[in-house]
Every structure is written in C-alpha cells, then in structure tokens.
Amino acid sequence: MPGVNARSGDRRVDLAAITQAASRETGGVPAGLLGGYLPAVLGAASSGRRLAAAELAEYARSGERAAESGVALRGLVDLYLSATWRLWRELPGDTGSPAALRAAGLAVLRAADDAVAAAAGGFERAYLSVARREEAERREFFEDLLSGRGGVGDLLARGERLGLRLAGPHQVMLAGTGGYGGGGSPTGTHIDAVVAEAAAPSSSLVLSRHGRLVVIVGSTGGDEADRVARALDRALGHRAGSGPADASEPGAEGPPPWRIAIGRYYPGPSGVVRSYDEAADALDVAQRLGLPDPVVRAADLLIYQVLLRDRAAITDLVRTLLTPLARARGGAGPLLATLAAYYARGGVAAAAARDLHVSVRTVTYRLARVRKLTGRDPARSPDALALQVAVIGARMLDWPATRLERE
C-alpha cells in the first residue's frame with residue numbers, strides 16, 4: 001500500500017491500518033480497490049488541491065475491477081467512504097485556525113465525492129458490459145438448445161455454468177405483450193431477482209427472444225413454475241402501470257398488458273425445447289382468442305391447439321357455418337360477439353347481455369338472426385357445439401377481419 005506511514009503535519013498516519021479496517025468494516029471488500037486513494041486525500045487535505053485526472057482514472061479502473069469480480073456497488077462506495085472518515089479521524093485538529101480546518105474538511109469531502117463518482121462510473125460501465133456478455137451467452141446457449149447444435153454433453157455443461165441442471169425436469173414459460181414482440185422484453189436485474197426468488201431453491205434462467213421474455217425453471221416440487229408465474233405477473237403488471245389482471249371478474253375488458261404462458265415439464269435438453277414450443281403455442285392461442293387470463297397453461301389449451309393443427313378443417317367449418325352471418329346488417333362482427341358471450345355464459349342470455357352492455361332483447365334478437373342465417377339453433381345442443389367451435393375457430397383465424405384461405 002503506498003504511503004503506509006504518510007506524514008500529516010507532525011503526525012504519521014498508518015494508511016495501511018486504515019485501509020484494512022475499512023475493508024473489514026465493509027464485509028471483506030478487497031482493500032486493493034482503494035489504490036492510491038488515501039495518500040491522494042491526505043495530499044488534498046494539506047494543500048486543498050483537486051484530485052488529478054490520472055487519479056480519477058485509477059479509481060474508475062478500480063470500479064471496473066469491482067464489477068468484474070462480483071463486488072456490489074454499495075460495498076465499493078462503502079469502502080471509499082469508510083476509509084475517508086477513518087483518515088479524517090487521524091488528521092490533526094490543531095491546524096491553526098477554524099478557516100484552515102474548514103478548508104481541509106472541504107478538500108477531503110470534495111476528494112471523496114470525486115473519487116466515489118469516478119469509481120461508480122467505472123463500475124456501471126463494466127457492469128453493463130458484463131451484463132451484455134452474460135445476456136449474449138444466455139441467448140447463444142438457448143438458440144443452440146433450440147436448434148440442436150452441439151452435443152448433449154456440451155449443452156449440459158453450458159447449462160450448468162448458467163445455473164441449470166438440464167438432466168432433470170424443467171418448465172419453460174414465455175411472457176409477451178398483446179402485439180408479438182411489440183413491447184420489448186423486460187429483462188434486467190429486477191426481473192432476474194424476482195424469478196430467482198420465486199423459483200428458489202430450484203434453478204432458473206431468464207433471457208429474451210424475439211421481444212418475449214423466456215424463463216426456464218427447474219421442476220422438483222412441481223409448483224415452481226406457478227410460483228414464478230405469479231411473481232412475474234405482479235412484476236410485469238407494475239411495470240405496465242397497473243396491478244395484475246383480475247381474470248375472475250366477469251366481462252373483463254380486453255387482454256392483460258402482459259400475458260404469461262407455461263409449458264409442461266420434461267427432462268433433458270430436448271424437454272426444454274418441447275416445453276418452450278408448448279408455451280409458445282399456448283401464448284399464440286391465448287393472444288388470438290383474446291383470453292382475459294394473465295397466466296395460461298399449455299395443458300389447459302390443448303383443445304385449441306388441436307383445432308389449429310388442422311387449419312384446413314377449422315377454416316372449412318368457419319366458411320360453412322359462419323360466412324352467412326356476413327349478410328346481416330352491420331356484418332358478422334356483432335353476431336359473432338353475441339355468440340361468444342352467450343356460450344361463455346353457459347347459454348344465459350341475460351348474463352351475455354350484461355357482458356356486451358346491451359339489452360337482453362338485443363341478444364335474443366341476434367341469436368334469432370343467427371338461427372335464420374345459418375339454419376342452426378344456438379340453443380340446441382348439436383347445433384350449439386358446432387357453432388361454438390366455429391366461433392372459436394373464427395377468433396383463432398381472425399375472421400372476418402382476415403379473409404379465409406381458399407381451398
């Protein structure tokens with residue numbers, strides 16, 4: 001340590017002892033991060049000078065080393081401030097006049113301010129660089145996982161470095177906005193911390209892909225994904241400027257600002273890929289249907305995915321049953337909305353009317369128009385099933401806003 005026995009007036013100050021004491025007080029933050037700070041402060045106190053650019057650059061490099069070695073910014077700042085007050089305590093008080101004492105104090109405070117600002121600036125620059133590298137590593141690993149590049153052993157080893165034990169079962173969840181990729185991905189230390197805390201003691205990994213948040217969670221107890229989804233829903237709801245969506249409220253207007261889809265859990269690297277595909281399909285289906293639930297599970301939406309797999313059949317069903325509705329005054333839209341609300345409420349016209357903010361008479365009139373135009377009775381069981389599936393298919397195909405594909 002430079003200036004181990006620096007002289008201040010007629011006193012000798014043990015800078016090494018001060019440095020070690022400050023390191024202990026901050027919980028073991030490396031004393032070397034102070035560099036030549038204490039001799040520089042001592043010189044500033046005696047001469048009133050400002051810290052030189054070369055000295056500030058040294059402290060900025062100390063901040064960079066702290067970030068790269070995992071030292072918290074709070075610990076780094078505490079190290080500098082603790083060393084500062086310990087040094088001030090050792091300085092002589094008989095400086096000759098109150099004005100001289102005040103000048104020395106101001107010089108020490110100014111030096112501490114400049115040094116801490118330089119160290120924090122270096123820390124932030126290095127931290128952002130480390131965060132970018134880690135995010136790039138996560139994305140590269142996940143892309144290789146999805147594409148099958150690299151052997152299983154390599155993927156297991158890389159996953160282990162990132163905190164995942166891929167040999168065991170894992171679940172994948174996706175979080176996306178109403179528009180595909182339109183809201184950006186809210187990755188960052190806050191989201192990482194939320195996920196890690198909710199998943200503990202299971203492992204987890206957070207990354208972004210195509211504007212969606214991807215979360216991989218180890219599944220040992222079986223409820224980790226549900227805990228993470230609830231915590232993530234609260235965090236994303238607050239980011240969007242509102243609380244979590246209340247999916248239980250009848251007639252909730254529109255989809256939530258963020259939606260989370262959970263795939264089922266499977267073991268091994270291929271299991272992560274399978275769970276990811278399920279979560280992606282579930283998120284797509286939930287967005288197409290405009291479901292009010294902020295959290296959806298692939299297992300609960302299998303019937304819709306079955307419909308999408310036979311796109312030709314569902315398109316034919318919509319064309320056969322629902323295109324006659326386009327002849328109605330106002331088009332097919334109001335009649336489709338009425339059918340959807342009617343079936344969502346178990347065939348109770350009064351409840352559907354409340355959801356649609358129309359009178360019961362309007363609902364019964366529209367149902368009668370559906371019966372006349374399609375030849376199917378919405379209240380009769382065989383016809384009701386066919387109409388309900390067709391309405392679901394229309395929403396998944398975005399009809400009538402999007403033209404149906406030609407056979």
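Treat the numbers as computed from the prediction; the structure is a model and nothing was measured.

### A short note on helix 5 (residues 98–147)
The terminal C-alpha atoms of helix 5 lie 73 Å apart, and with 50 residues this matches the ideal 74 Å at 1.5 Å per residue to within 8%. The first or second residue beyond helix 5 is Gly148, which carries a positive phi of 85°.

### Notes on the packing of helix 9 (residues 268–289) against helix 15 (residues 381–397)
Put simply, helix 9 and helix 15 touch, their axes get as near as 7 Å, and they point 105° apart. Here helix 9 is positioned roughly perpendicular relative to helix 15, judged by the angle of their axes. Here Val285, Arg288 and Leu289 of helix 9 lie close against helix 15, whose contacting residues are Ile392, Arg395, Met396 and Leu397. A breakdown of the residues in the contact of helix 9 with helix 15 according to their chemical character gives five nonpolar, no polar and two charged.

### A word on the nonpolar core
Grouped together as the largest cluster of nonpolar side chains are 62 residues, with contacts concentrated most on Phe141, Phe142, Leu145, Leu322, Leu325, Met396 and Trp399. Excluding its chain neighbours within four sequence positions, the residues that come into contact with Phe142 are Leu207, Arg209, Val214, Ile216, Val272 and Tyr276. Val13, Leu42, Ala44 and Ala126 belong to the second largest nonpolar core, which has 34 residues in total.

### Considerations on the pairing of strand 4 (residues 204–209)
Residues in a regular strand point their side chains to alternate faces of the sheet. By the criterion of burial, strand 4 is predominantly enclosed, with six of the six residues buried. Alternating residues of strand 4 divide into Ser204, Val206 and Ser208 and Leu205, Leu207 and Arg209, and every residue in both groups is buried. As paired strands, strand 4 and strand 5 (residues 212–218) are joined by six bridges and run antiparallel to one another. Directly across from Ser208, in strand 5, lies its bridge partner Leu213. Counted along the chain from strand 4 to the antiparallel partner strand 5, the turn is two residues long, and its residue His210 has a positive phi close to 55°.

### Describing the pairing of strand 5
Counting buried positions along strand 5 gives seven out of seven residues, so the element sits mostly inside the fold. The alternating pattern of strand 5 places Arg212, Val214, Ile216 and Gly218 and Leu213, Val215 and Val217 on opposite faces, both of which are buried. In the sheet, strand 3 (residues 169–177) pairs with strand 5 via six bridges, with the strands oriented antiparallel. Its bridge partner being in strand 5, His170 is matched across the sheet by Gly218.

### Topic: the environment of Glu124
Structurally, the position occupied by Glu124 is in helix 5. Along the chain, Glu124 and Gly63 lie 61 residues apart, while their C-alpha atoms are 7.9 Å from each other.

### Thoughts on the packing of aromatic side chains
All chains considered together, the criterion is met by six aromatic pairs. Considering the side-chain rings of Tyr37 and Tyr59, the 5.7 Å spacing of their centres and the 85° angle between planes classify their relative orientation as edge-to-face. One end of the pair, Tyr37, is in helix 2 (residues 37–47); the other, Tyr59, is in helix 3 (residues 53–68), with 22 residues separating them in the sequence. Of the two residues examined, Tyr37 and Tyr59, each falls in the buried class. Taking 6.1 Å as the distance between ring centres and 75° as the angle between the ring planes, the aromatic pair formed by Tyr59 and Tyr80 counts as edge-to-face. One end of the pair, Tyr59, is in helix 3; the other, Tyr80, is in helix 4 (residues 73–90), and 21 residues separate them in sequence. With respect to burial, Tyr59 and Tyr80 carry one shared label: buried. Here a set of aromatic residues connected by ring pairs shows up, and it is made of Tyr37, Tyr59 and Tyr80.

### What to know about the confidence of the model for the protein chain
With 88% of its residues at a pLDDT of at least 70, the protein chain reaches an overall mean of 85. Within the protein chain, strand 1 (residues 5–8) has the poorest average pLDDT of any element, 50, and helix 14 (residues 360–374) the best, 95. Per-residue pLDDT stays below 50 along residues 180–184; that stretch engages in eight contacts with residues further than four places along the chain or on separate chains.

### Things to note about helix 3
Compared with an ideal rise of 1.5 Å per residue, which puts 16 residues at 22 Å, helix 3 spans 23 Å between its outermost C-alpha atoms and is within 8% of the ideal. Within helix 3, the full set of buried residues consists of Glu55, Tyr59, Ala60, Ser62, Gly63, Ala66 and Ala67. The buried residues of helix 3 occupy an angular sector of 155° when the element is viewed end-on, so they sit on one face. Exposed positions of helix 3 whose direction lies more than 90 degrees from the buried face are Ala53, Ala54 and Glu68. Looking at the residues trailing helix 3, positive phi occurs at Gly70, about 90°.

Definitions and limits used
Residues numbered from 1 in each chain as written. Predicted model: local features only at pLDDT ≥ 70, side-chain atom pairs only at ≥ 80, totals over all residues. Heavy atoms only, no water. Helix = DSSP H or I, 4+ residues; strand = E, 2+ residues; numbered from the N terminus. Expected span 1.5 Å × (residues − 1). Axes fitted to C-alpha atoms, helices over the stretch in contact; angles between N-to-C directions. Parallel < 35°, antiparallel > 145°, perpendicular 65-115°, else oblique. Contact = heavy atoms within 4.5 Å. Nonpolar A, V, L, I, M, F, W, Y, C, P; charged D, E, K, R; others polar. Core = buried A, V, L, I, M, F, W, Y, C linked by side-chain atoms within 4.5 Å. Buried < 20%, exposed > 50% of the residue type's maximum accessible area, 1.4 Å probe, protein only. Pairing = 2+ DSSP bridges. Phe/Tyr/Trp six-rings, centres within 6.5 Å; stacked < 30°, edge-to-face > 60°. pLDDT = per-residue confidence, 0-100. Arc of directions from axis to C-beta.

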